[in-house]
Amino acid sequence: MEGDQGMKLVEYPDREMLAIDLANLLAGELNQALMTGETASFAVPGGTTPAPIFDALCAADLPWERVHVMPTDERWVPEDDARSNARLIRDHLLVERAARAEFISFFDGSPRPEEAAEPVGRKVAAELPLSIVLLGMGQDMHTASLFPDDPRLAEALDPDAPPVLAVYPPSQPEPRLTLTGPVLTGAMSVHVVITGEAKRRAIEEAERIGDPMRAPVALVLDDATVHWAE
Ligand SMILES: O=C(O)[C@H](O)[C@@H](O)[C@H](O)[C@H](O)COP(=O)(O)O
């Protein structure tokens, strides 16, 4: 049965090798997706981990004009805010050759993410199933903005959940708009990228727990490839 062999974890000698090798792998998968489809949809995380991967990936020689990039989740702040995932993606991924990609932004200036959930959900729905999802993970085993302490987590994990959901994780300074569980599990290819000892222990704990309500990243571990460097 899928998942019997446990989580597929790839270790890299250092973070630089992780960034270069994972960027090459993602470029290959994007090219593969574009051989069988007119466009490829690619969801990428925010946070502090992915920038080196984006810096390597943005130069990849592929038909970026046929790639539709979106965040896995967005902090509800203006796009020029240092905490904005859209800002991170525009600054590090949507440059060089990848500047030609189409970006599906989640933040639309509405005061609250609920107001953007429907129009953004329609844009995301048009891209399903996602071709490739790159996820990060927090030490609390959250992924995207699916947080264990979030009162709306069950709603976000429901198989009938809408494509995106507004969430208010108590542990976070701002509300978020996040891709939901069925969107992540429905993707053709899922990669999780983590660095450091603490997250290595956390993802092994998530595999042991197995319950996405307690360890949201567990939602994807049966089918994802986890990429890790110290
Ligand atoms: O908006 C976000 O923060 C991300 O999408 C989130 O899911 C991130 O991947 C983890 O919080 C890890 O963040 P770091 O890479 O900063 O540890």
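By the naming in an unreviewed UniProt entry, the protein chain goes by 6-phosphogluconolactonase and is assigned to Meinhardsimonia xiamenensis.

Student: Give a description of the overall build of the protein chain that names residues and reports values.
Tutor: Tallying secondary structure elements over the protein chain gives 7 helices and 10 strands in all. By the compact-globule yardstick of 17 Å for 230 residues, the protein chain fits well, its C-alpha radius of gyration being 16 Å. The C-alpha extent of the protein chain, read off along each of the three principal axes, is 40 × 40 × 35 Å. Partitioning the intrachain contacts of the protein chain with sequence separation of at least 6 by distance along the chain shows that 75% fall at a separation of at least 24.

Student: Residue-level account of helix 1 (residues 15-36), with values.
Tutor: Look at helix 1: 32 Å from first C-alpha to last across 22 residues, which is about the 32 Å you get at 1.5 Å a residue. Considered for burial, the residues of helix 1 that qualify are Leu-18, Ala-19, Leu-22, Ala-23, Leu-26, Ala-27, Leu-30, Ala-33 and Leu-34. Buried residues of helix 1, viewed axially, fall in a sector of 155°; they line one side. Of the exposed residues in helix 1, the ones pointing more than 90 degrees away from its buried face are Asn-24, Met-35 and Thr-36.

Student: Lay out the sheet that holds strand 8 (residues 176-179) with the relevant residues and their values.
Tutor: If you walk across this open sheet you meet the 3 strands as 4-8-7, and the pairing is antiparallel. One side of each edge strand has no neighbouring strand; the edge strands of this open sheet are strand 4 (73-75) and strand 7 (164-167). Geometrically, the sheet is characterised by an average inter-axis angle of 20° between neighbouring strands, direction not taken into account. Strand direction decides the pairing type here: strand 4 and strand 8, joined by 3 bridges, are antiparallel. Opposite Glu-74, over in strand 8, you have Leu-177 as the bridge partner. Most of the contacts of helix 4 (residues 114-125) go to strand 7, to which it runs at about 160°, and overall it touches strand 7 and strand 8.

Student: Could you give an account of the pattern of salt bridges, naming the residues involved and the relevant values?
Tutor: Close approach of charged atoms allows side chains of opposite charge to pair. For the coordinates displayed, the defined rule picks out 14 salt bridges. Across the salt bridge formed by Glu-65 and Arg-100, the nearest N and O atoms sit 3.0 Å from each other. With Glu-65 in the loop between helix 2 (51-57) and strand 3 (67-71) and Arg-100 in the loop between helix 3 (85-92) and strand 5 (102-103), the pair connects residues that are 35 residues apart, well separated along the chain. Given a relative accessible area of 45%, Glu-65 falls into the partly exposed group. Look at the salt bridges and you will find they share partners, linking Asp-73, Arg-83, Glu-174 and Arg-176 into a network.

Student: Tell me about the sheet that holds strand 2 (residues 40-44), residues and numbers included.
Tutor: Spatial ordering of the open sheet is given by 1-10-9-6-2-3-5, a layout of 7 strands whose pairing is parallel. Strands at the two margins of the open sheet, each flanked by one partner only, are strand 1 (8-11) and strand 5. In this structure, strand 3 lies alongside strand 5, joined through 2 bridges in parallel fashion. Residue pairing in the sheet places Val-69 in a bridge with Phe-103 of strand 5.

Student: Mind laying out the nonpolar core, listing which residues take part and the relevant values?
Tutor: The biggest cluster of nonpolar side chains holds 45 residues, and the ones touching the most others in it are Leu-177, Leu-179, Val-192, Ile-203 and Val-217. Contact partners of Ile-203, with chain neighbours within four places excluded, come to Met-7, Met-137, Val-192, Ile-194, Val-217, Leu-221 and Val-226. By size, the runner-up hydrophobic cluster in this structure holds 35 residues, among which are Tyr-12, Ala-23, Val-44 and Trp-64.

Scoring rules and cut-offs
- Residues numbered from 1 in each chain as written.
- Predicted model: local features only at pLDDT ≥ 70, side-chain atom pairs only at ≥ 80, totals over all residues.
- Heavy atoms only, no water.
- Helix = DSSP H or I, 4+ residues; strand = E, 2+ residues; numbered from the N terminus.
- Rg over C-alpha atoms; globule rule 2.2 N^0.38 Å.
- Contact = heavy atoms within 4.5 Å.
- Expected span 1.5 Å × (residues − 1).
- Buried < 20%, exposed > 50% of the residue type's maximum accessible area, 1.4 Å probe, protein only.
- Arc of directions from axis to C-beta.
- Pairing = 2+ DSSP bridges.
- Axes fitted to C-alpha atoms, helices over the stretch in contact; angles between N-to-C directions.
- Salt bridge = Lys/Arg side-chain N within 4 Å of Asp/Glu carboxyl O.
- Core = buried A, V, L, I, M, F, W, Y, C linked by side-chain atoms within 4.5 Å.

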